[in-house]
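The primary structure of each chain is shown beneath.
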Amino acid sequence: MKSWRAPRWLRAPGAVGGNVQTIWPAVFSRHWPEAAPRLKGRRERWTAPDGDFVDVDWLAEPPAPQSPLLILFHGLEGSSRSHYAQAFGHWAKAQGWGCAVPHFRGCSGEPNLAPRAYHSGDYEEAGWILDKFMQAHPDGPRVAAGVSLGGNVLLRWAQEAGHEASLRVRAVAAISAPLDLAAAGHAISRGFNRQVYNRMFIASMKPKALAKLAHYPGLYDAHALRQARDLYEYDNAVTAPVFGFADAEDYWVKCSAGPRLISLTGVPALVLNARNDPFIPGGSLPRPDQVSNWVTLWQPEDGGHVGFPGGAWPGHVGDLPQAVGAWLAMHLR
């Protein structure tokens, strides 16, 4: 995956290739190289410290108490049904591992109870979730992966936890994480990105925020929310006031994992970003001299955003968990 190339039929120069390699895997590709049914799994509901709930889907049950467990944090408005979650679930099952997807609040298909939802730097919630997994699966080794927003959250947790992180997981992997939230936020608000990706996210997030406002009047400015047309305006209207940031810029600066990779210690971390990711500019990605010795950078030219499709037509997304999973497995020895 460090030097991964897309299949010939999905290669194209520049932004076209990045968009094709992002959209095709999510919409048309198979979850696994061989024909496999969608994983539904078993759902558990955990009570959060504030009395709210977090839903966890076990896509693959650990076959034994000593079996490894992969914990997967999904991306913005993702879930256990996302193509990448299904692919990791199939991979884990094939290895004899367990695989669980904890849902960020409001993403499991049922509205949550508390005013808070989630954000790109929600490392305290991630820490609580990982503590719960340590209790739920105490005898087997645990590793964690995060996709897009979930990858940034996971890295921020590892940065804050320091050497304590190794008590909860043996290694972490961040896939297509927006390490510079400002760069990603501005990129997704321009041109084709604004019309496709930005519109998709806003169409999902605004109705949830309006429904939350009906239960908690005055939680944020209703007019500002209704006028929000991109992630910057949404974060200004909703994320910043709910989580105590001054504004969107303050949120993006304080929650970006990239500038803090130089200080990450205590747990091995893989950071995978395709250089043709449509809304994570290649120039915003960290260089080897900007990360600590605990961090491994994979920055292939191809892959798109959480794409990395492989195989012949119509393709599959099994190459991603096979490569990332092998790197995580290496740290169980």
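Note that the structure is predicted; figures quoted are calculated from it, not measured. (Residues numbered from 1 in each chain as written. Predicted model: local features only at pLDDT ≥ 70, side-chain atom pairs only at ≥ 80, totals over all residues. Heavy atoms only, no water.)

Peer 1: Please explain the packing of helix α8 (residues 231–243) against helix α9 (residues 248–255) as it appears in this structure.
Peer 2: Helix-helix packing is described using two parameters, namely the angle between the two axes and the distance between the axes. Interhelical geometry of α8 versus α9 gives an angle of 90 degrees and a closest axis separation of 8 Å. What the angle tells us is that α8 and α9 run roughly perpendicular. Mapping the contact onto sequence places L231, Y232, D235, N236, T239 and A240 in α8 and A248, E249, Y251 and W252 in α9. Of the residues that constitute the contact of α8 with α9, the class distribution is 6 nonpolar, 2 polar and 2 charged. (Axes fitted to C-alpha atoms, helices over the stretch in contact; angles between N-to-C directions. Helix = DSSP H or I, 4+ residues; strand = E, 2+ residues; numbered from the N terminus. Parallel < 35°, antiparallel > 145°, perpendicular 65-115°, else oblique. Contact = heavy atoms within 4.5 Å. Nonpolar A, V, L, I, M, F, W, Y, C, P; charged D, E, K, R; others polar.)

Peer 1: Got a minute to help me understand the pattern of salt bridges in this structure?
Peer 2: A pair can form between side chains of opposite charge whenever their charged atoms are brought close. With the rule as written, the count across this model stands at 18 salt bridges. Between R194 and D230 there is a salt bridge, with its nearest N and O atoms 3.0 Å apart. In this pair, R194 is assigned in helix α6 (residues 191–215) and D230 in the loop between α7 (222–227) and α8, connecting sequence segments 36 residues apart. For R194, a relative accessible area of 26% translates into the label partly exposed. Accessibility expressed as a relative area gives 8% for D230, which makes it buried. Several salt bridges share partner residues, and in doing so they unite D50, D52, R105, R116, D122 and E125 into one network. (Salt bridge = Lys/Arg side-chain N within 4 Å of Asp/Glu carboxyl O. Buried < 20%, exposed > 50% of the residue type's maximum accessible area, 1.4 Å probe, protein only.)

Peer 1: How do you make sense of a nonpolar patch on the surface when you look at a structure like this?
Peer 2: Among the surface-exposed residues, I23, V27, F28, F192 and V196 lie close enough to one another that they form a single nonpolar patch of about 420 Å² accessible area. Within the residue set of the nonpolar patch, elements represented by two or more residues are α1 (14–27) and α6. In this structure, V27 sits in helix α1. Using a relative accessible area of 52% as the deciding quantity, one classes V27 as exposed. (Patch = residues over 30% accessible without salt bridge, like charges linked within 9 Å, V, L, I, M, F, W, Y side chains within 5 Å. Areas by Shrake-Rupley, 256 points an atom, 1.4 Å probe, with all protein chains shown as cover.)

Peer 1: Got a minute to help me understand unusual backbone geometry in this structure?
Peer 2: Keep in mind that most residues, glycine aside, have a negative phi and that most peptide bonds are trans. In this chain, W313 is followed by P314 through a cis amide linkage whose omega measures 5 degrees. Position of P314 among the secondary structure elements: in the loop between β8 (295–298) and α10 (319–330). In this model, S148 sits at a positive phi of 55 degrees, which is unusual for a non-glycine residue.

Peer 1: It is not clear to me how the packing of aromatic side chains should be interpreted in this structure. Could you clarify?
Peer 2: Working definition: an aromatic ring pair is given by the centre-to-centre distance plus the angle between the planes. Taken as a whole, this structure holds 14 aromatic pairs when the rule is applied. A ring pair is formed by W9 and W24, whose centres lie 5.7 Å apart and whose planes are at 80 degrees; its orientation type is edge-to-face. Of this pair, W9 sits in the segment before α1 while W24 sits in helix α1, and the two are 15 residues apart along the sequence. What makes W9 partly exposed here is its relative accessible area of 31%. (Phe/Tyr/Trp six-rings, centres within 6.5 Å; stacked < 30°, edge-to-face > 60°.)

Peer 1: Can you help me understand the nonpolar core in this one?
Peer 2: General note: in soluble globular proteins, nonpolar side chains tend to be found buried as a group. In terms of nonpolar packing, the biggest core is built from 56 residues, with F73, F133, L155 and W157 touching the most fellow members. Those residues in contact with L155 that sit more than four places away from it in its chain are A174, L179, A257, L261, L264, A269 and V271. The next biggest cluster of nonpolar side chains, apart from the first, holds 38 residues, and it includes L72, Y84, V101 and I175. (Core = buried A, V, L, I, M, F, W, Y, C linked by side-chain atoms within 4.5 Å.)

Peer 1: Which parts of the structure should I look at to understand the state of the cysteines?
Peer 2: Put plainly, two cysteines are in a disulfide when a covalent bond ties their sulfur atoms together. Under the defined criterion, the tally for this structure stands at 0 disulfides. A disulfide-free cysteine, C99 has its sulfur positioned 17 Å from the sulfur of C107, the nearest such atom. Take C99: its relative accessible area is 0%, and that puts it in the buried class. Cysteine C107 remains unbridged, with the sulfur of C255 as its closest cysteine sulfur at 16 Å. For C107, a relative accessible area of 8% gives the class buried. (Disulfide = S-S within 2.5 Å.)

Peer 1: Help me out: how do you make sense of the sheet that holds strand β4 (residues 98–102) in this one?
Peer 2: Neighbouring strands of a sheet are bound in pairs by backbone hydrogen bonds; such pairs are parallel or else antiparallel. On the basis of which strands lie adjacent, the open sheet formed by 8 strands has the order β1-β2-β4-β3-β5-β6-β7-β8 and mixed pairing. Looking along the sheet, the strands with just one partner apiece sit at the ends: β1 (42–47) and β8. The mean inter-strand angle of the sheet, taken between neighbouring strand axes irrespective of direction, is 20 degrees. Summarising the sheet, strand β5 (residues 142–147) and strand β6 (residues 172–175) pair through 4 bridges and their orientation is parallel. Paired with A144 across the two strands is V172, which belongs to β6. (Pairing = 2+ DSSP bridges.)

Peer 1: How should I be thinking about the confidence of the model for the chain in this particular structure?
Peer 2: Detailed reading of the predicted coordinates is not advisable wherever pLDDT falls low. Per-chain confidence: the chain averages 96 in pLDDT, with 100% of residues scoring 70 or above. Model confidence for the chain, summarised as mean pLDDT per element, is weakest for α1 at 93 and strongest for strand β3 (residues 69–73) at 99. (pLDDT = per-residue confidence, 0-100.)

Peer 1: What exactly am I supposed to notice about helix α3 (residues 123–136) here?
Peer 2: Two residues of an α-helix separated by three or four positions point the same way, owing to the 3.6 residues in each turn. Helix length check: α3 (14 residues) gives 20 Å between terminal C-alpha atoms against 20 Å at 1.5 Å per residue, within 8%. Against β1, β2 (53–60), β3, β4, β5 and α4 (149–161) lie the buried residues of α3. (Expected span 1.5 Å × (residues − 1).)

Peer 1: In this structure, what is going on with the environment of G311? I would like to understand it.
Peer 2: Relative to the elements of secondary structure, G311 occurs in the loop between β8 and α10. Judged by its relative accessible area of 34%, G311 is partly exposed. Placed 305 residues apart in sequence, G311 and A6 show a C-alpha to C-alpha distance of 8.9 Å. Excluding residues within four positions of it along the chain, G311 makes contact with P7, W9 and H316.

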